[in-house]
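What the coordinates show
Chain residues, written in single-letter form:
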Amino acid sequence: LVIAAAGFGLGAANIANPEHKTCLDIKAMCKDGSDKAGCERQEAKDLKKGANLQMWNCHDKKNQLFELKNGRWHNTLPGLCIDIQ
C-alpha cells in the first residue's frame, strides 16, 4: 500500500494499492439503503459509523480521503475512523 502525504501529517490522502490501481474507500450504499448497481449513492458526509471499507478504483471523492490523527486513520468528511472488528 502507498500512503501519501497523510502519513507524514501533510494533509489528507488516498491509501492506495498502485499494483491494482485501487484505493481504500468507505462503501457508500444506495440512498434507499440497498446496494443495487447504478443506484444513486449516499454522499460521503452522510456515511455513518459501521460503514464498510473496500478497495475501489481511485477517484477524487471524499470517501477515499484519509488523514492520520492521534494514531488513527480518519476519513476527512464524516470524521469516521478505521476500526477492524
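This section reports on the structure supplied with the text.

Cut-offs used in this document
- Residues numbered from 1 in each chain as written.
- Predicted model: local features only at pLDDT ≥ 70, side-chain atom pairs only at ≥ 80, totals over all residues.
- Heavy atoms only, no water.
- Helix = DSSP H or I, 4+ residues; strand = E, 2+ residues; numbered from the N terminus.
- Buried < 20%, exposed > 50% of the residue type's maximum accessible area, 1.4 Å probe, protein only.
- Areas by Shrake-Rupley, 256 points an atom, 1.4 Å probe, with all protein chains shown as cover.
- Disulfide = S-S within 2.5 Å.
- Pairing = 2+ DSSP bridges.
- Contact = heavy atoms within 4.5 Å.
- Salt bridge = Lys/Arg side-chain N within 4 Å of Asp/Glu carboxyl O.

1. A closer look at the overall build of the protein chain
- Summing up its helical and strand segments, the protein chain has 0 helices and 6 strands in all.
- Within the protein chain, the fraction of its 85 residues that count as buried is 22%.
- Carbon together with sulfur atoms contributes 51% to the accessible area of the protein chain, which is approximately 6,000 Å² in total.

2. Let's talk about the state of the cysteines
- One pass over the full model with this rule turns up 2 disulfides.
- Here Cys 23 pairs with Cys 58 through a disulfide, and the sulfurs are 2.0 Å apart. On the sign convention where negative is left-handed, the bridge of Cys 23 and Cys 58, at about 95° about the S-S bond, is right-handed. Placement of the pair is Cys 23 in strand β3 (residues 22-26) and Cys 58 in the loop between β4 (53-57) and β5 (66-69), with a sequence separation of 35 residues.
- The class of Cys 23 is buried, set by a relative accessible area of 2%.
- Here the protein chain pairs its bonded cysteines, counted in sequence order, in the arrangement 1-4, 2-3.

3. Re the pairing of β3
- Within β3, 5 of the 5 residues are buried, leaving the element largely enclosed by the surrounding structure.
- The antiparallel hairpin formed by strand β2 (residues 15-17) and β3 contains 4 residues in its connecting segment, where Lys 21 sits at a positive phi of about 55°.
- Two elements, β3 and β4, share 5 bridges in a ladder whose sense is antiparallel. By the bridge assignment for β4, Asp 25 is matched with Gln 54.

4. Some details on the environment of Cys 58
- Relative accessible area serves as the criterion here: at 39%, Cys 58 is assigned to the partly exposed category.
- Beyond its immediate chain neighbours, meaning those up to four positions away, Cys 58 contacts Lys 21, Thr 22, Cys 23 and Gln 64.

5. What to know about the pattern of salt bridges
- A complete count under the given rule lists 6 salt bridges for this structure.
- In this structure, Lys 27 engages Asp 35 in a salt bridge whose closest nitrogen and oxygen atoms are separated by 2.7 Å.
- The partly exposed category is assigned to Lys 27, whose relative accessible area is 23%.
- We classify Asp 35 as partly exposed; its relative accessible area is 40%.
- One salt bridge connects Glu 40 with Lys 31, and the closest N-O pair in it is separated by 3.0 Å.
- Linked by salt bridges that have partners in common, Lys 27, Asp 35 and Arg 41 make up one network.

Spatial relationships are all this shows, so hold off on functional conclusions.
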